[in-house]
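As a plain string of letters, each chain reads:
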Amino acid sequence: SYETDRTEHITLRNLDILNSPGTGILGGSFSQFIGLHVHHNKGYGHYAAGHDNLTEGSVFHDNGGYGIHQFNQTGGADHNIIRNNIFYNNGSGYYFGSETTMRTAPALIIASGRNALVYNNLLYHNHDGIFVGYGVADVKVFNNTVCNNAGYGIDVNAAYSGSTNAQVINNIVY
């Protein structure tokens, strides 16, 4: 695993990140995650808790939890761009903390922050596709192909902490 949650201005490029007993990549701000192969991590592929990040041209697969989980409990996971990535076989099951019940997860979740852009991604054969909720604002999800997932394709859920102004445009979902 690779931890950048307390760092800034880091570029991870063309790396293979795998077999972590937890999360493959942890956070960071003003960072770039480009051309990564993130797979077979027991927890999340990438826990994106920082702001002003770019994740592009990467492949996330066979992670027990989310392929990417954008979330910061204190806020501030703002202005992140997730584009031109491939997600498959994510979210089949992981344990959270000391829980004894296995959880499932979508391939990509935007669960906090403002002004995220999620576009030109391919998501298939995951437990679920893309989830937007938990109080996010001004998120744009567009030009993604989301197909053949076990559950939903795209779920924008304003009921979780009042998410506002999400735009879902020109996606292919089946």
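Keep in mind the model is a prediction, meaning the values are calculated, not measured. (Residues numbered from 1 in each chain as written. Predicted model: local features only at pLDDT ≥ 70, side-chain atom pairs only at ≥ 80, totals over all residues. Heavy atoms only, no water.)

Novice: Would you take a moment to explain the overall build of the protein chain for this structure?
Specialist: The secondary structure content of the protein chain amounts to 0 helices and 21 strands. Over its C-alpha trace the protein chain gives a radius of gyration of 14 Å, about what one expects of a compact globule, namely 16 Å for 174 residues. Each of the three principal axes of the protein chain carries a C-alpha extent, and together these read 35 × 35 × 30 Å. Partitioning the intrachain contacts of the protein chain with sequence separation of at least 6 by distance along the chain shows that 46% fall at a separation of at least 24. Of the roughly 7,900 Å² that the protein chain leaves accessible, carbon and sulfur atoms contribute 49%. With 7 positive and 12 negative side-chain charges, the protein chain shows a separation of 2 Å between the mean positions of the two kinds. (Helix = DSSP H or I, 4+ residues; strand = E, 2+ residues; numbered from the N terminus. Rg over C-alpha atoms; globule rule 2.2 N^0.38 Å. Contact = heavy atoms within 4.5 Å. Areas by Shrake-Rupley, 256 points an atom, 1.4 Å probe, with all protein chains shown as cover. Lys, Arg positive; Asp, Glu negative; His and termini not counted. Charge placed at Lys NZ, Arg CZ, Asp CG, Glu CD.)

Novice: Can you help me understand the sheet that holds strand E2 (residues 11-13) in this one?
Specialist: Two orientations exist for strands paired in a sheet by backbone hydrogen bonds: parallel and antiparallel. In spatial order, the strands read E2-E5-E8-E11-E14-E17-E20; together these 7 strands make up an open sheet with parallel pairing. A strand with exactly one partner marks an edge of an open sheet, and here the two such strands are E2 and strand E20 (167-169). Direction aside, the axes of adjacent strands within the sheet are offset by 5 degrees on average. Relative to strand E17 (residues 140-142), strand E14 (residues 117-119) is paired through 3 bridges, and the arrangement is parallel. Pairing of Leu117 across the sheet is with Lys140, part of E17. (Pairing = 2+ DSSP bridges. Axes fitted to C-alpha atoms, helices over the stretch in contact; angles between N-to-C directions.)

Novice: Could you clarify how one ought to interpret the packing of aromatic side chains in this entry?
Specialist: To describe a pair of aromatic rings, you give the distance between the ring centres and the angle between the ring planes. Across all of its chains, the model carries 9 aromatic pairs by this definition. Between Tyr119 and Phe142 the ring centres are 4.7 Å apart and the planes differ by 10 degrees, which places this aromatic pair in the stacked class. With a gap of 23 residues between them, Tyr119 in strand E14 and Phe142 in strand E17 connect regions that are remote in the sequence. For Tyr119, a relative accessible area of 15% translates into the label buried. When its relative accessible area of 21% is taken as the criterion, Phe142 is described as partly exposed. (Phe/Tyr/Trp six-rings, centres within 6.5 Å; stacked < 30°, edge-to-face > 60°. Buried < 20%, exposed > 50% of the residue type's maximum accessible area, 1.4 Å probe, protein only.)

Novice: What is the right way to look at the nonpolar core in this model?
Specialist: In a soluble, globular protein the nonpolar side chains are often hidden away together inside. Among the nonpolar cores identified, the biggest contains 23 residues, and Phe87, Leu108, Ile110 and Ile130 are the most heavily contacted of them. Those elements that provide at least two residues to this core are strand E13 (106-110) and strand E16 (128-133). A per-element tally of this core places E13 first, with 3 residues. Apart from residues lying up to four places away in sequence, Phe87 is in contact with Phe60, Gly67, Ile68, Ile82, Ala107, Leu108, Asn121, Leu122, Leu123, Tyr124 and Asn126. Ranked by size, the runner-up nonpolar core spans 7 residues in total, among them Tyr66, Ile109, Ala111 and Phe131. (Core = buried A, V, L, I, M, F, W, Y, C linked by side-chain atoms within 4.5 Å.)

Novice: Before we go on, may I ask you to explain the environment of Gly135 in this structure?
Specialist: Summarising the element assignment, Gly135 is placed in the loop between E16 and E17. Looking at Gly135, the relative accessible area reads 32%, which means it is partly exposed. In the structure, Gly135 is positioned 114 residues away from Pro21 in sequence and 29 Å away in space, judged by C-alpha atoms.

Novice: Help me understand the pairing of E16, please; the structure alone is not making it clear to me.
Specialist: Taken residue by residue, a regular strand's side chains alternate between the two faces of the sheet. For E16, a buried count of 6 out of 6 residues is recorded, marking the element as mostly surrounded by other parts of the structure. Note: E13 against E16, 4 bridges, orientation parallel. Counted as the bridge partner of Ile110 is Val132 from E16. Of the strand pairs in this sheet, E16 and strand E19 (residues 154-157) are connected by 4 bridges, and their pairing is parallel. Within E19, the residue paired with Gly133 across the bridge is Asn157.

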